[in-house]
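Results of the structural survey
Okay, here's what each chain looks like letter by letter:
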Amino acid sequence: MHLIPHSAIRNPQSFLVRTIDLPAPPGHSVAVAGTADTDPEIDVRYGTTSITDGDATPSAAEGTDFGSVFASHNLDRTFTVRNLGTEDLTLGAVSIAGAAQFTVAAQPTSPVAASGSTSFTVRFAPSSIGTKYATLSIANSDSNENPYSFAISGVAPPNMDMLPVTGGTFEMGTTSG
């Protein structure tokens, strides 16, 4: 006998038993026992896009590439932590290693109830020009994704007043008074 899940979900709760000896002789029965998976299951999203645990490539679609932000300015991104499991998901603090220009502006609440969600905000506030890289990590009670981490990045382009001008002619146009 083989148990075949009805769907491709990670923890099937129903299955189909098939036999080629139908009808079964009287007095034969099949007993099936098991336990339901009651673990918490973390999922981190930017908008409706899920961010894969361990993702090392920041992208605009996932909100992990903050794009261009001028030095002395900032950009906040809010991410959602969802619990896809059937037990509470306990979260630790969100931490960021790498470029100090990334900070956690708002921490998520914990615990996250089954089928519930919470959010946290990351701020990119570059203080100098250049590309900045960091890794965001969320300590949590998911048995196979702790910590949940992914790469983030942002670029601080030069401000116009920071561009060096050497030699040559530079025309600003004309003004009328």
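Up top is the structure.
The structure presented is a predicted model; accordingly, all values stated were derived computationally and were not measured.

Judged from the 8 bridges that link them, strand S6 (residues 75–83) and strand S9 (residues 117–124) form a sheet pairing that is antiparallel. From the neighbouring strand, Thr-80 faces S9, where its bridge partner is Ser-119. Sheet topology places strand S8 (residues 102–106) next to S9; 4 bridges connect them, and they run antiparallel. Following the sheet pairing, Phe-102 is matched in S9 by Phe-124.

With that out of the way, let us pick up the sheet that holds S9. Strand order in this open sheet of 5 strands is S4-S3-S6-S9-S8, and the pairing throughout is antiparallel. Here the strands that pair on one side only, and so sit at the sheet edges, are strand S4 (49–51) and S8. Ignoring which end each strand starts from, the neighbouring axes of this sheet average 40 degrees apart.

The next point concerns unusual backbone geometry. The amide bond that connects Ser-110 to the next residue, Pro-111, takes the cis arrangement and shows omega of 0 degrees. By the element assignment, Pro-111 lies in the loop between S8 and S9. The omega torsion of the bond from Asn-146 to Pro-147 falls at 0 degrees, within 30 degrees of zero and hence cis. Residues other than glycine seldom take positive phi values, yet Ser-115 does so here, at roughly 65 degrees.

Parameters at a glance
- Position numbers for residues start from 1 in each chain and track the written sequence from start to end.
- pLDDT decides what is reported in this predicted model: residues at 70 or higher carry local features, side-chain atom pairs at 80 or more are listed and counted, and totals for whole chains, interfaces and linings draw on all residues regardless.
- For side-chain calculations, the full set of non-hydrogen atoms in the structure is used, while hydrogens and water are omitted.
- When DSSP finds at least two bridges between two strands, those strands are taken to pair.
- Secondary structure elements follow DSSP: runs of H or I of four or more residues count as helices, runs of E of two or more count as strands, with numbering from the N terminus.
- Interaxial angle, 0 to 180 degrees, is taken between N-to-C directions of lines fitted to C-alpha atoms, where a helix line uses only the stretch in contact.

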